[in-house]
Amino acid sequence: MKEEDPSAKNELSRRNFLKTGATAAAAFGGAQAAITTTASPAVASSIDDTSGTLVFVNGRIHTMDAGNSIVSSVTVKDGRFTAVGNGAHAQGPGVRVINLKGRTVVPGIIESHTHFVSLANRPGYHVAQWELASNIAEVLELLAARRRDVPPGQFITAMGAGTPRMFAELRLPTLAEIDSAVPDRPVFLYQGGGGPARTNTLGKQFFESATAPRAGPCVVGTDGSLTTVAGVNHANRALYHLRIRQTFEDKKRSALDAQAFSASVGITAVLDQTLVAVATGTLDPASLDPQPTHPLFTLNHYRMYDAWLALHREGRSFIRLQINFLHNQPFIPALGDLDHQLPELRERLKNQFFFFGDDMVRTGAIGEWAAPFATPSSPDNYAVWYESQRLVAKAGWRNENAQAGTPTSSAAIEQVVSTYEAMDREFGIKNLRWGLQHAAFATPDHLARLKALNCGVSMSGFTWLNGVPRADGLPLGPLYPQIIASGIPAGLHEDGVHIAPHNPWFAMHYATTGLNVLGQQINPGQQISRQQALYAYTRANAWYLNRENDLGSIEVGKLADLVVLDRDYFSVSDTDMRRTRPVLTVVDGEIVYDAGVLRGDRDEGVGA
């Protein structure tokens with residue numbers, strides 16, 4: 001691990017970052033439950049050198065190991081778990097002891113399908129925490145809290161994370177409401193992938209006068225709304241005006257803010273599925289620079305990791321990033337015959353290394369698709385999609401396709417499964433761990449055939465946000481019990497940060513209750529247990545990332561990622577479980593999020 005850059009001593013780093021969580025706590029404070037536990041036995045290893053050692057004691061630590069052991073103490077050194085058990089711990093100089101006082105601890109949460117790099121590129125001083133708000137008053141409180149460290153004239157922004165259904169009022173705050181919270185900084189709120197958007201008085205003044213090489217001013221309503229007028233999406237035009245004014249240092253700050261938010265909800269590793277690139281035939285990165293028509297989910301996919309990678313080189317990244325490569329080139333007539341289609345995918349497979357990097361940043365697979373999905377009813381596009389599967393299989397890469405099916409049809413999933421079988425017959429893919437993302441209505445037959453190919457699935461958990469009960473009473477999916485019962489490796493994901501939030505506890509709540517954001521039952525009969533949901537988000541997702549030997553459980557020798565919770569996820573009510581948050585998050589053996597709850601419990605010794 002690199003030492004901290006002295007020139008950045010006032011910036012965040014993996015060694016000095018202790019996020020207090022005051023911003024989130026301002027709106028979401030709650031009782032901190034101390035749970036009395038009786039831990040089950042586990043074997044602990046001995047430690048010879050105790051320098052730089054972190055010890056957690058007196059907890060209820062759910063290891064998620066093969067035996068689902070629950071222990072009371074764990075020791076961390078040099079970024080790995082070195083002792084896991086009851087009462088076995090290091091002592092001596094340099095040992096930091098944190099008394100958990102009965103709190104619940106789980107492995108670091110792994111997100112197996114996200115577009116997190118978009119959150120890490122947000123313009124302005126971003127407020128990712130707004131996805132945790134339940135009403136407009138809480139949104140305004142978060143905006144006001146963020147204002148404390150925003151220089152005059154700089155924008156406060158909050159973007160993505162779903163729709164206005166997230167808030168009790170089923171709308172965004174108005175211009176007047178935003179002004180009441182932040183009168184002296186411009187504010188821009190934008191939800192979903194293409195709006196709606198709102199701004200305040202200072203933001204309205206900026207957008208109504210903003211000019212740039214590719215776009216003039218925006219049309220802003222008296223209530224601060226930016227909508228589509230005369231065919232122009234002014235939410236996207238406003239986004240463009242902010243994006244082109246971002247400096248590289250702004251992007252680095254945004255990447256740090258995104259990582260801090262991830263740590264604050266307990267996510268310690270993300271499998272980023274890139275973004276939906278502009279579907280052109282060019283390989284020129286400059287052609288993908290921000291345009292006035294680009295929605296939130298479109299970025300220059302050649303350049304969007306630059307700020308994160310710069311932070312990583314400086315030793316200042318503190319959330320694990322694994323990068324999939326989504327390729328969005330369909331049939332492009334100008335490119336000619338099939339041998340000349342898919343130029344970007346062909347170059348990627350020739351020049352990129354898969355699963356290459358270190359413990360903090362590494363490449364992954366081709367996903368969430370190698371080419372836009374198409375059925376035989378569109379012959380040219382289907383031929384390109386099928387050829388993309390062949391190219392990935394021939395190159396020996398891991399591959400993913402995202403298909404959910406519907407409550408009345410699984411034809412799209414059948415196309416994926418039968419194509420995987422054809423790829424195995426032609427090239428052999430069983431050792432590559434291909435994947436199916438979403439998989440909501442995969443049949444038992446589909447699951448059995450995928451399992452025979454050594455494939456895994458990552459189950460979606462975002463339907464709670466937009467789903468409404470069907471008139472025929474059928475579930476909206478996924479069919480979680482059926483997938484789990486099949487025995488196929490099955491992770492769980494939220495698919496943030498545009499169509500849904502990043503917060504994993506929302507997805508776990510949906511998987512275990514079937515309730516949507518309004519409290520309506522939309523997935524009847526398809527619930528799994530909290531243990532199964534957490535397993536899917538930890539150990540199973542580690543398998544999906546090809547990292548089960550290092551991540552997903554608290555075991556001796558594995559990378560030291562863990563989360564100390566503010567309540568007992570396993571026993572609280574369904575309503576309270578949905579509000580689960582960390583009080584402490586550890587990545588690579590270092591504390592990267594600290595709500596301040598356990599500060600008085602440090603260095604007290606085992607018997608405290």
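Structure first, text after, so check above.
A brief structural summary. All residue numbers refer to position in the chain's written sequence, counted from 1. In keeping with the model being predicted, local features are shown solely for residues with a pLDDT of at least 70 and side-chain atom pairs are shown and tallied solely at 80 or more, while totals for entire chains, interfaces and linings include all residues. As a rule here, side-chain values cover all heavy atoms of the structure and leave hydrogens and water aside.

### Description of helix H3 (residues 136–146)
No. 1: With eight of eleven residues buried, H3 lies mostly within the body of the structure.
No. 2: The N-cap residue of H3 is Asn135: its side-chain oxygen and the backbone nitrogen of Ala137 are 3.2 Å apart. To sort residues, take the accessible area from a 1.4 Å probe on protein chains only and compare it with the maximum for the residue type: under 20% means buried, over 50% means exposed, and anything in between is partly exposed. Strands here mean DSSP runs of E at least two residues long; helices mean DSSP runs of H or I at least four residues long; both are numbered from the N terminus. Polar contact is the term for a pair of N or O atoms within 3.5 Å; when the atoms are in protein, one must be able to donate a hydrogen and the other to accept it, and sequence-neighboring residues count only if both atoms are side-chain atoms.

### Regarding the sheet that holds strand S25 (residues 590–594)
No. 1: A strand pair is defined by DSSP finding two or more bridges across the two strands. In space, the six strands of this open sheet follow the order S3-S2-S7-S23-S24-S25, with mixed pairing throughout. Both outer strands of the open sheet, strand S3 (70–71) and S25, are each paired with one neighbouring strand and no more.
No. 2: Sheet topology note: the strand S2 (residues 60–62)/strand S7 (residues 104–107) ladder contains two bridges and is parallel. Bridge pairing in S7 places Arg60 opposite Thr104.

### Some thoughts on the packing of aromatic side chains
No. 1: When the centres of two rings from Phe, Tyr and Trp lie within 6.5 Å, Trp using its six-membered ring, the rings pair. Their planes under 30 degrees apart give stacked, over 60 give edge-to-face, and anything left gives tilted. Tallying each qualifying case throughout the model produces 19 aromatic pairs.
No. 2: With a centroid separation of 6.5 Å and an interplanar angle of 65°, the aromatic rings of Phe325 and Trp397 are classed as edge-to-face. Here Phe325, found in strand S17 (residues 320–325), pairs with Trp397, found in the loop between helix H10 (379–395) and strand S19 (400–403); they are 72 residues apart in sequence, far enough to count as distant.
No. 3: Judged by relative accessible area, Trp397 falls into the buried class, the value being 2%.
No. 4: An aromatic cluster of three or more residues is present, and its members are Phe155, Phe188, Tyr190, Phe206 and Phe207.
No. 5: The lysine or arginine in question, Arg398, covers the ring of Tyr544, its NZ or CZ lying 4.4 Å from the ring centre. Note on criteria: charge over ring means Lys NZ or Arg CZ within 6 Å of the ring centre, with the direction from the centre no more than 35 degrees off the ring normal.

### Here's the deal with the pattern of salt bridges
No. 1: For salt bridges, the criterion is a side-chain nitrogen of Lys or Arg within 4 Å of an Asp or Glu carboxyl oxygen. Taken as a whole and assessed by the stated rule, the structure comprises 32 salt bridges.
No. 2: For Arg146, the salt bridge identified is with Asp149, shortest N-O distance 3.2 Å.
No. 3: Through salt bridges that share partners, Glu249, Lys252, Glu314 and Arg316 make up one connected network.

### What to know about unusual backbone geometry
No. 1: Residues Gly477 and Pro478 are joined by a peptide bond in cis, for which omega reads -5°.
No. 2: Positionally, Pro478 belongs in the loop between helix H13 (463–466) and helix H14 (480–485).
No. 3: Omega for the peptide link from Gly496 to Val497 comes to 20°, which places this bond in the cis form.
No. 4: Among the secondary structure elements, Val497 is positioned in the loop between strand S22 (490–493) and helix H15 (504–513).
No. 5: For Asn58, which is not glycine, the phi dihedral falls at a positive 60°.
No. 6: Locating Asn58 in the fold gives a position in the loop between strand S1 (53–57) and S2.
No. 7: Look at Asn58 and you get partly exposed, because its relative accessible area is 31%.
No. 8: One non-glycine residue, Met64, lies in the positive phi region at around 60°.
No. 9: One can find Met64 in the loop between S2 and S3.
No. 10: A residue is classified by how much of its surface remains accessible, and Met64, at 2% relative accessible area, is buried.

In short, shape yes, function no, at least from these values alone.
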